[in-house]
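Chain residues, written in single-letter form:
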Amino acid sequence: MIQTLPLPSGHGAVWDAQRQRLFALSHDLVQAFRLTGRGVSARLSETARWTLPGRRDGHDLSPGGEGRYYVTTDDGAWRFDPDDGSFTPYAPLNPALRVKSVSAAGDRIAWVQAEQSWWASGFTVMTADGRDRCRIPLDGIHLYKVRWRR
């Protein structure tokens, strides 16, 4: 069975196995959904929603360890905690405009900041506290998101 739910300008979805929730990012919101039923009777129902900070325009939602997430918007990068609904500026990337994605693997962070329109010709890797930045150029591509492979 297919289900349709509004997610204007949807840019990301992450299944949180510990919370048994699907977190989804849209233009203005992070929403949490519970999955009920199985097979053809499976349904998603919204359990919570949080308005994005700043100018909104959500770009990325990714796991950030300790049950929190990285969220990027048109005018910032944030740490989002679904337990209390808080968005805290992620200092190593703020203030930052047009960060399209952030991906964490342990203490290493990879991120993309648009250079032309919506894309970049490379990405940056750093420690979670912003040290040891290393720009990785990728000629001939238009990169929007980057993810660590686990």
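A quick note: this is a predicted structure, and the numbers were derived from the prediction, not measured.

Asks: Can you help me understand unusual backbone geometry in this one?
Replies: Generally, phi is negative for residues other than glycine and the peptide bonds are trans, each holding for most cases. Cis geometry is adopted by the peptide bond preceding Pro95, which originates at Asn94 and carries an omega value of -5 degrees. You will see that Asp57, though not glycine, has its phi angle at about 60 degrees, which is positive. By the element assignment, Asp57 lies in the loop between β4 (43–51) and β5 (60–63).

Asks: Would you mind showing me how to read the environment of Val112 here?
Replies: Secondary-structure assignment places Val112 in strand β10 (residues 108–113). Measuring from C-alpha to C-alpha, the distance between Val112 and Lys100 comes to 5.5 Å, with twelve residues separating the pair along the chain. If we ignore the near neighbours within four places in the chain, the residues touching Val112 are Arg98, Val99, Lys100, Ser101, Ala120, Gly122, Phe123, Leu143, Tyr144, Lys145 and Val146.

Asks: Explanation requested: the packing of aromatic side chains in the structure shown.
Replies: Each pair of aromatic rings is reported with the distance of its centres and the angle of its planes. With the rule as written, the count across this model stands at six aromatic pairs. Ring centres 4.7 Å apart and planes at 25 degrees place the aromatic pair Phe80 and Phe87 in the stacked group. Grouped by ring-pair contacts, the aromatic residues Phe23, Trp50, Tyr69, Phe80 and Phe87 constitute a single cluster. Against the face of Tyr70 rests Arg79, its NZ or CZ located 4.2 Å from the ring centre.

Cut-off values and rules
Each chain has its residues counted from 1, running along the sequence as written. At least 70 in pLDDT is required for a residue's local features to be given in this predicted model, at least 80 for side-chain atom pairs to be given and counted, and no such filter applies to totals for whole chains, interfaces and linings, which use all residues. For side-chain calculations, the full set of non-hydrogen atoms in the structure is used, while hydrogens and water are omitted. Secondary structure elements follow DSSP: runs of H or I of four or more residues count as helices, runs of E of two or more count as strands, with numbering from the N terminus. Residue contacts follow a heavy-atom distance rule, with two residues in contact if any of their heavy atoms lie within 4.5 Å. Put simply, two rings from Phe, Tyr or Trp (the six-membered ring, in Trp's case) pair if the centres are within 6.5 Å, and we call them stacked under 30 degrees between planes, edge-to-face over 60, tilted for the rest. Two conditions define a charge located above a ring, namely a distance within 6 Å from the ring centre to NZ of Lys or CZ of Arg, and an angle within 35 degrees of the ring normal.

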